[in-house]
Amino acid sequence: MEPVQTNTMQGRVVDAPSGHWVYRILPKSLWPYAQLARWDRPIGWLLLLWPCLWSAALAAQSTLPNFWHMVLFVIGAIVMRGAGCTYNDIIDSKIDMMVERTRSRPLPSGQIGKREAWFFLIAQALTGFLVLIQFNWFSIWLGIASLGIVAAYPFMKRITNWPQLVLGLAFSWGALMGWATVFGSLSLAPILLYAATVLWVIGYDTIYAHQDREDDALVGVKSTARLFGENTKAALIALYAGMLILAAAAYFSAGSHWVSYLGIASAAVHLAWQIIALDINDADQCLQLFKSNNAIGWLIFIGLMAGSFAGLM
């Protein structure tokens, strides 16, 4: 659905998607909370979810992933992505007031106060904790260990040109969690998958950050989009190539069936298309290319699942 321009007095942020269930089903008083959690923008929790599912599928070669675990990962991705976005908006409310694309968000536009936002953040975090404690003890402590990175991320854009790296460290944590929930420990395979996913996140969030490159320069916000500039395509080639190599190494370490590698090959074609098509000066196209990374999630996951089925034969 294409974003539409809407008046903040109507309770909508300027780039809110038209026709979303949030605005058709929820009462208007809850719209600011839905916008804080980005319930109207599912791409965020989908990108958070994929590393979890990849890792769970990688751990289940020659068998099938635990369906209940996958359901928990979906719930956890939705609530923790919402909690992370809420926290990020609380910390960045002053910066968001100075950026055209974000100044109509609930906090900078005054639709909701920081106290209410904090309560909402706590409620989401508690829901995420209830999901986390369904797993083994190793996974519980591993999940808790990610919170330090999540808490640090909003401040990184003020002090380093590589905030996307810190986002990658946080958003890729599921690549460790999926494996840990199966084995109660980590090994080389999930660590390699984690490293691969970090590079993927840096790549796609660099594309996303090009939407705000000019405003970020004016307010002093740093990003890899600003760092790479006209060399973004070359940087993406290095990042995505590194991702694919590390993912293949993770498969090899896990003893994956050769069919699984077809997912990596398919993802390579899609990532090459992203790089060729990218116009860093076209904000709308940057957003669409960013969203297209959901297809990468599907391609790699389907490849892993196909490898699992092939291993059962």
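Residues numbered from 1 in each chain as written. Predicted model: local features only at pLDDT ≥ 70, side-chain atom pairs only at ≥ 80, totals over all residues. Heavy atoms only, no water.

Asker: Is there a simple way to think about a nonpolar patch on the surface in this case?
Answerer: Taken together, Met-80, Phe-129, Leu-130, Ile-133, Trp-137, Trp-141, Ile-144 and Leu-147 make up a surface patch of nonpolar side chains, about 820 Å² in accessible area. Elements that contribute at least two residues to the nonpolar patch include exactly helix 6 (114-132) and helix 7 (137-145). Broken down by element, the residue count for the nonpolar patch peaks at three residues, all from helix 7. Examined against the element boundaries, Trp-141 turns out to sit in helix 7. The class of Trp-141 is exposed, set by a relative accessible area of 56%. (Patch = residues over 30% accessible without salt bridge, like charges linked within 9 Å, V, L, I, M, F, W, Y side chains within 5 Å. Areas by Shrake-Rupley, 256 points an atom, 1.4 Å probe, with all protein chains shown as cover. Salt bridge = Lys/Arg side-chain N within 4 Å of Asp/Glu carboxyl O. Helix = DSSP H or I, 4+ residues; strand = E, 2+ residues; numbered from the N terminus. Buried < 20%, exposed > 50% of the residue type's maximum accessible area, 1.4 Å probe, protein only.)

Asker: Would you mind showing me how to read the packing of helix 4 (residues 67-91) against helix 8 (residues 147-159) here?
Answerer: Each pair of packed helices can be described by the angle between their axes along with the distance between the axes. At their nearest, the axes of helix 4 and helix 8 sit 10 Å apart, and the two run at 40° to each other. Classed by the angle they form, the pair helix 4 and helix 8 counts as oblique. As for the relative orientation of helix 4 and helix 8, their crossing is right-handed in sense. Residues Tyr-87, Asn-88 and Ile-91 of helix 4 touch helix 8, and the partners they reach there are Val-150, Ala-151, Tyr-153, Pro-154, Phe-155, Lys-157 and Arg-158. Residue composition of the contact of helix 4 with helix 8, grouped by class: seven nonpolar, one polar and two charged. (Axes fitted to C-alpha atoms, helices over the stretch in contact; angles between N-to-C directions. Parallel < 35°, antiparallel > 145°, perpendicular 65-115°, else oblique. Left-handed = near helix turned anticlockwise from the far one by under 90°. Contact = heavy atoms within 4.5 Å. Nonpolar A, V, L, I, M, F, W, Y, C, P; charged D, E, K, R; others polar.)

Asker: Hey, could you run me through the pattern of salt bridges in this one?
Answerer: Charged atoms that come close allow side chains of opposite charge to pair. Going through the model one piece at a time under the given rule, you end up with six salt bridges. Salt-bridge contacts for Arg-38 lead to Asp-89; the nearest nitrogen and oxygen are separated by 2.8 Å. With Arg-38 in the loop between helix 2 (31-36) and helix 3 (43-59) and Asp-89 in helix 4, this pair connects stretches of sequence that are 51 residues apart. Where Asp-92 meets Arg-158, a salt bridge forms, and the shortest distance between an N and an O atom there is 3.1 Å. Pair noted here: Asp-92 is in the loop between helix 4 and helix 5 (93-97) and Arg-158 is in helix 8, with a separation of 66 residues, a long-range link. Residue classification places Asp-92 among the buried positions, given a relative accessible area of 1%. Taking the relative accessible area as the measure of exposure, Arg-158 reaches 33% and is therefore partly exposed.

Asker: Looking at this structure, I do not really get the nonpolar core. What am I missing?
Answerer: The nonpolar side chains of soluble globular proteins are, as a tendency, buried together. The biggest cluster of nonpolar side chains holds 70 residues, and the ones touching the most others in it are Trp-54 and Trp-200. When residues of this core are assigned to their parent elements, the largest contribution, 14 residues, is made by helix 3. When near neighbours in sequence (up to four residues on either side) are disregarded, Trp-200 contacts Leu-47, Trp-54, Tyr-240, Met-243, Leu-271, Asn-293 and Ile-296. Counting 10 residues, the second-largest nonpolar core is a separate cluster that includes Leu-36, Ala-83, Tyr-87 and Ala-117. (Core = buried A, V, L, I, M, F, W, Y, C linked by side-chain atoms within 4.5 Å.)

Asker: Explain the packing of helix 10 (residues 174-183) against helix 11 (residues 188-209) to me, please; I cannot follow it from the model alone.
Answerer: Interhelical geometry of helix 10 versus helix 11 gives an angle of 155° and a closest axis separation of 8 Å. Taken as axis vectors, helix 10 and helix 11 run roughly antiparallel relative to one another. Here helix 10 runs over helix 11; the crossing is right-handed. Contacts between helix 10 and helix 11 involve Ala-175, Leu-176 and Trp-179 on the former and, on the latter, Ala-189, Pro-190, Ile-191, Leu-193, Tyr-194 and Thr-197. For the contact of helix 10 with helix 11, the per-class residue count stands at eight nonpolar, one polar and no charged.

Asker: Sorry, what's going on with helix 10 here?
Answerer: Given 3.6 residues to a turn, an α-helix orients residues that are three or four positions apart in the same direction. Of all 10 residues in helix 10, eight are buried, a share of seventy percent or more. Within helix 10 the residues assigned to the buried category are Gly-174, Ala-175, Leu-176, Met-177, Gly-178, Trp-179, Ala-180 and Thr-181. Looking at the buried residues of helix 10, the elements they touch are helix 3, helix 4, helix 6, helix 7, helix 11 and helix 14 (232-254). Directly beyond the C-terminal end of helix 10, a positive phi value near 70° is found at Gly-184.

Asker: How do you make sense of the confidence of the model for the protein chain when you look at a structure like this?
Answerer: Keep in mind that low pLDDT regions are not for reading the predicted coordinates in detail. With 95% of its residues at a pLDDT of at least 70, the protein chain reaches an overall mean of 92. Residue range residues 1-9 is modelled with pLDDT below 50. Its contacts to residues more than four positions away, or to other chains, number 20 contacts. (pLDDT = per-residue confidence, 0-100.)

Asker: Would you take a moment to explain unusual backbone geometry for this structure?
Answerer: Its identity as a non-glycine residue notwithstanding, Arg-38 has a phi of 60°, on the positive side. Judged by its relative accessible area of 8%, Arg-38 is buried.

Asker: Mind showing me how you'd approach the environment of Ala-238 here?
Answerer: Inspection of the secondary structure assignment puts Ala-238 in helix 14. Each C-alpha atom, one on Ala-238 and one on Leu-199, is 9.0 Å from the other, the two residues being 39 residues apart in sequence.

Asker: Can you help me understand the environment of Phe-135 in this one?
Answerer: Following the sequence through the fold, Phe-135 ends up in the loop between helix 6 and helix 7. Residues Phe-135 and Ser-104 lie 31 residues apart in sequence; the distance between their C-alpha atoms is 39 Å. With residues near it in sequence (within four places) discarded, Phe-135 still touches His-69, Leu-72, Phe-73, Ile-140 and Thr-181.

Asker: It is not clear to me how the side chain of Asp-212 should be interpreted in this structure. Could you clarify?
Answerer: Topologically, Asp-212 is positioned in the loop between helix 11 and helix 12 (213-219). Not counting residues within four places of it along the chain, the set of residues in contact with Asp-212 comprises Val-99 and Arg-101.

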